[in-house]
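Per-entry structural report
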Amino acid sequence: CNDLGEIDLLINGAAVTTTGLLPNLESDQIDHMLEVNIRALVAICQAVLPGMLARRRGVIVNLSSVVAARGNRGQSVYAGSKGFVEAFTRSLAAEYGGRGVRCNAVAPGAIDAGSLKELQSYAGDKVRQATVASRLGTAADVAAAVAYLCDSDGSFVNGHCLAVDGGFNRGV
């Protein structure tokens, strides 16, 4: 990507996951996860940062996952890619926070959407029961966290990863 110009707000939400034990994953599956979850994220940030730095303002919110902190069987590559997202986010905050650019992450947990639907088909209610909140999260829960980090209410938050997980990491 080249410099994308007048962008003051970037939300990186693209991600892919292929569930499987590491020896069973094909190299093209691993490459695809790394390309989308890491390389695309880096390229987009690289493209928007020059404009943000020139204007001395900007907000970047990267979507991670609770698996970065917790790990899950069959998700080693995905968890590793999300661990990268969190470390990358903290480093961007350290590098550019003093120049008016904030960078944070949101780590959704069990959200009633996307790939969780497949998991629920064979795990039943176990995922919901693993949260302290005893419910699955919604896309609106994640959107509210992202909005907070983008808003002036969250202007003193920089380099943080906000878990939106209903207590998932604390409930196990």
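Overview of the structure.

**Concerning the overall build of the protein**
- Looking only at helices and strands, the protein has six helices and four strands in total.
- In the protein, the order of α-helices and β-strands from amino to carboxyl end is β-α-β-α-α-β-α-α-α-β.
- Within the protein, buried positions represent 41% of all 172 residues.
- The contacts of the protein with a sequence gap of at least 6 include a subset with a gap of at least 24, amounting to 74%.
- Approximately 9,100 Å² of the protein is accessible, and the part contributed by carbon and sulfur atoms is 54%.

**Side note on the side chain of arginine 55**
- Inspection of the secondary structure puts arginine 55 in helix H1 (residues 27–55).
- At 2.8 Å, the side chain of arginine 55 and the backbone oxygen of glycine 51 are in polar contact.

**Describing helix H6 (residues 139–150)**
- Under the 1.5 Å per step criterion, the end-to-end length of H6 is 16 Å for 12 residues, consistent within 8% with the ideal 16 Å.
- Here H6 has its buried residues at Val142, Ala145, Val146 and Leu149. Looking straight down H6, one finds its buried side chains confined to an arc of 95 degrees; they lie on one side.
- Among the structural elements, strand E1 (9–12), strand E2 (58–63), strand E3 (101–108) and strand E4 (161–164) are those in contact with the buried residues of H6.

**Concerning a negative patch on the surface**
- Among the surface-exposed residues, Glu26, Asp28, Asp31 and Glu35 lie close enough to one another that they form a single negatively charged patch.
- Its place among the elements puts aspartate 28 in helix H1.
- Judged by its relative accessible area of 54%, aspartate 28 falls in the exposed class.

**Topic: H1**
- Look at H1: 41 Å from first C-alpha to last across 29 residues, which is about the 42 Å you get at 1.5 Å a residue.
- Within H1, the axis deviates most sharply at glutamate 35, by approximately 40 degrees.
- Positive backbone phi, at 55 degrees, marks arginine 56, one or two positions downstream of H1.

**A look at the pairing of E2**
- The element E2 is largely enclosed, with a buried count of six among its six residues.
- Across the two faces of E2 the burial is the same, with Gly58, Ile60 and Asn62 and Val59, Val61 and Leu63 all buried.
- In this fold, E1 hands off to H1, which returns the chain to E2; that crossover is right-handed.
- Pairing between E2 and E3: six bridges, direction parallel. Among the inter-strand pairings, valine 59 is bridged to a residue of E3, identified as arginine 102.

Rules and cut-offs
- Residues numbered from 1 in each chain as written.
- Predicted model: local features only at pLDDT ≥ 70, side-chain atom pairs only at ≥ 80, totals over all residues.
- Heavy atoms only, no water.
- Helix = DSSP H or I, 4+ residues; strand = E, 2+ residues; numbered from the N terminus.
- Buried < 20%, exposed > 50% of the residue type's maximum accessible area, 1.4 Å probe, protein only.
- Contact = heavy atoms within 4.5 Å.
- Areas by Shrake-Rupley, 256 points an atom, 1.4 Å probe, with all protein chains shown as cover.
- Polar contact = N/O pair within 3.5 Å; in protein donor to acceptor, adjacent residues only side chain to side chain.
- Expected span 1.5 Å × (residues − 1).
- Arc of directions from axis to C-beta.
- Patch = residues over 30% accessible without salt bridge, like charges linked within 9 Å, V, L, I, M, F, W, Y side chains within 5 Å.
- Salt bridge = Lys/Arg side-chain N within 4 Å of Asp/Glu carboxyl O.
- Lys, Arg positive; Asp, Glu negative; His and termini not counted.
- Charge placed at Lys NZ, Arg CZ, Asp CG, Glu CD.
- Bend = angle between axes of the 7 residues up to and from the residue.
- Right-handed = clockwise from strand over helix to strand, strands pointing away.
- Pairing = 2+ DSSP bridges.

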